[in-house]
Amino acid sequence: ENARLRAEVNQLRLRNRELEGQAGEAQRLSVLLNFHDAHPETQMLAAQVIGASADPASHTLFLNRGERDHVRRNQAVITPDGIVGKIVEVFPATSQVLLISDKDSGAGALLADTRTHGVVKGSGDPDPRLDYVVNDEPVHAGEVILTSGEDRIFPKDLLIGTVSMANPGNPFQVIHVRPAARLDHLEDVLILLTPQELKKP
């Protein structure tokens, strides 16, 4: 009798975990759908993360969308929280994303308070940097960083992240960026099929 009850309890625990997982997925998809519906002017496609690069120095992900879904190279990949990266390789049913934290990535950026322009570049560390901001430009921790639209990949005024640290450098400031999107916990993303700006909700 005890063994039977134990087995039942274990089965119920497993089922409970399954349901918790499904509830979490439903919540994530609901957030994506609401963002999608709030921007009917922009063509976007929901995609799931199906893998990551085995190379620890490479910050790339694989998605379950590809050529068949009209995915092309250099399309922006975002979440409702902030930008993620861009498509760098496309296969018939999958595609590869270069994250903004990868050392080969770059995104046109501007500081929200002063509209000062720079480029967010991956450093190989979890947090990218904001380059090309002169030393006498006031920059403070917590300041919001947005896309500038100048790279022709990310539409203007999407959230990149916030300044986590800013120090004088030579010849430009050394500014660390905390990405708004959780790049190490991505499960569902949106691919922007057109580079036009997203209207403010």
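Predicted model only: the values in this text are computed from it and were never measured.

Undergrad: I'd like a description of the pattern of salt bridges, backed by residues and values.
TA: Under the criterion given, the structure shown has five salt bridges. Its salt-bridge partner being Glu8, residue Arg4 comes within 2.7 Å of it at the nearest N-O pair. Of the two residues, Arg4 and Glu8 are both situated in helix H1 (residues 2-38); the distance of four residues between them amounts to about one turn of the helix. Classification of Arg4 as partly exposed rests on a relative accessible area of 42%. In this structure, Arg15 and Glu18 form a salt bridge, with 2.8 Å as the shortest nitrogen-oxygen distance. Note that Arg15 and Glu18 are positioned in helix H1 at a spacing of three residues, about one turn of the helix.

Undergrad: With reference to specific residues and values, describe the sheet that holds strand E2 (residues 60-63).
TA: Consider a sheet: its strands pair through backbone hydrogen bonds, and that pairing is either parallel or antiparallel. With antiparallel pairing, six strands are arranged side by side around a closed barrel as E1-E2-E5-E4-E3-E12. Each adjacent strand pair in this sheet contributes to an overall mean axis angle of 45 degrees, direction not counted. Relative to E2, strand E1 (residues 44-52) runs antiparallel, the two sharing three bridges. Across the sheet, residue Ala52 finds its bridge partner in E2, namely Leu61.

Undergrad: So, the packing of aromatic side chains: which residues are in play, and what are the values?
TA: One pass over the structure, following the stated rule, counts one aromatic pair. When the ring of Tyr132 is compared with that of Phe172, the centres are 5.6 Å apart and the planes differ by 85 degrees; the resulting orientation is edge-to-face. Here Tyr132 is found in the loop between strand E8 (129-131) and strand E9 (144-147), whereas its partner Phe172 is found in the loop between strand E10 (159-167) and strand E11 (174-179), with 40 residues between them in sequence.

Undergrad: Which residues make up the environment of Val134, and what are the values?
TA: Structurally, the position occupied by Val134 is in the loop between E8 and E9. Val134 sits 35 residues away from Gly169 along the chain, and the two C-alpha atoms are 8.7 Å apart. With near-sequence residues (within four places) excluded, Val134 lies in contact with Phe172 and Gln173.

Undergrad: Residues and numbers for the pairing of strand E6 (residues 106-111), please.
TA: Counting buried residues along E6, five of its six residues qualify, which places the element largely inside the surrounding structure. The hairpin turn running from E6 into strand E7 (residues 117-121), its antiparallel successor, is five residues long, and Arg115 in that turn takes a positive phi close to 60 degrees. Of the strand pairs in this sheet, E6 and E9 are connected by three bridges, and their pairing is antiparallel. Each bridged residue has a counterpart across the sheet, and for Leu111 the counterpart in E9 is Ile145.

Undergrad: Any chance you could break down the nonpolar core for me, citing the residues and the numbers?
TA: Judged by nonpolar contacts, the single largest core of 40 residues is most densely connected at Ile83, Val84, Ile87, Leu130, Ile145, Ile160 and Ile191. Excluding its chain neighbours within four sequence positions, the residues that come into contact with Ile160 are Ile83, Ile100, Gly108, Ala109, Val120, Ile145, Leu146, Thr147, Val177, Arg178, Pro179 and Ala180.

Undergrad: Just give me the short version of the pairing of E11, but keep the residues and values in it.
TA: Bridge count between E8 and E11: two bridges; the pairing is antiparallel. Across the sheet, the residue bridging to Arg129 is His176, located in E11. As defined by bridge partners, E10 adjoins E11 across six bridges and the pair is classed as antiparallel. Opposite Asn167, over in E11, you have Val174 as the bridge partner. Hairpin connection of E10 to E11: six residues between the antiparallel strands.

Conventions we followed
Residues numbered from 1 in each chain as written. Predicted model: local features only at pLDDT ≥ 70, side-chain atom pairs only at ≥ 80, totals over all residues. Heavy atoms only, no water. Salt bridge = Lys/Arg side-chain N within 4 Å of Asp/Glu carboxyl O. Helix = DSSP H or I, 4+ residues; strand = E, 2+ residues; numbered from the N terminus. Buried < 20%, exposed > 50% of the residue type's maximum accessible area, 1.4 Å probe, protein only. Pairing = 2+ DSSP bridges. Axes fitted to C-alpha atoms, helices over the stretch in contact; angles between N-to-C directions. Phe/Tyr/Trp six-rings, centres within 6.5 Å; stacked < 30°, edge-to-face > 60°. Contact = heavy atoms within 4.5 Å. Core = buried A, V, L, I, M, F, W, Y, C linked by side-chain atoms within 4.5 Å.

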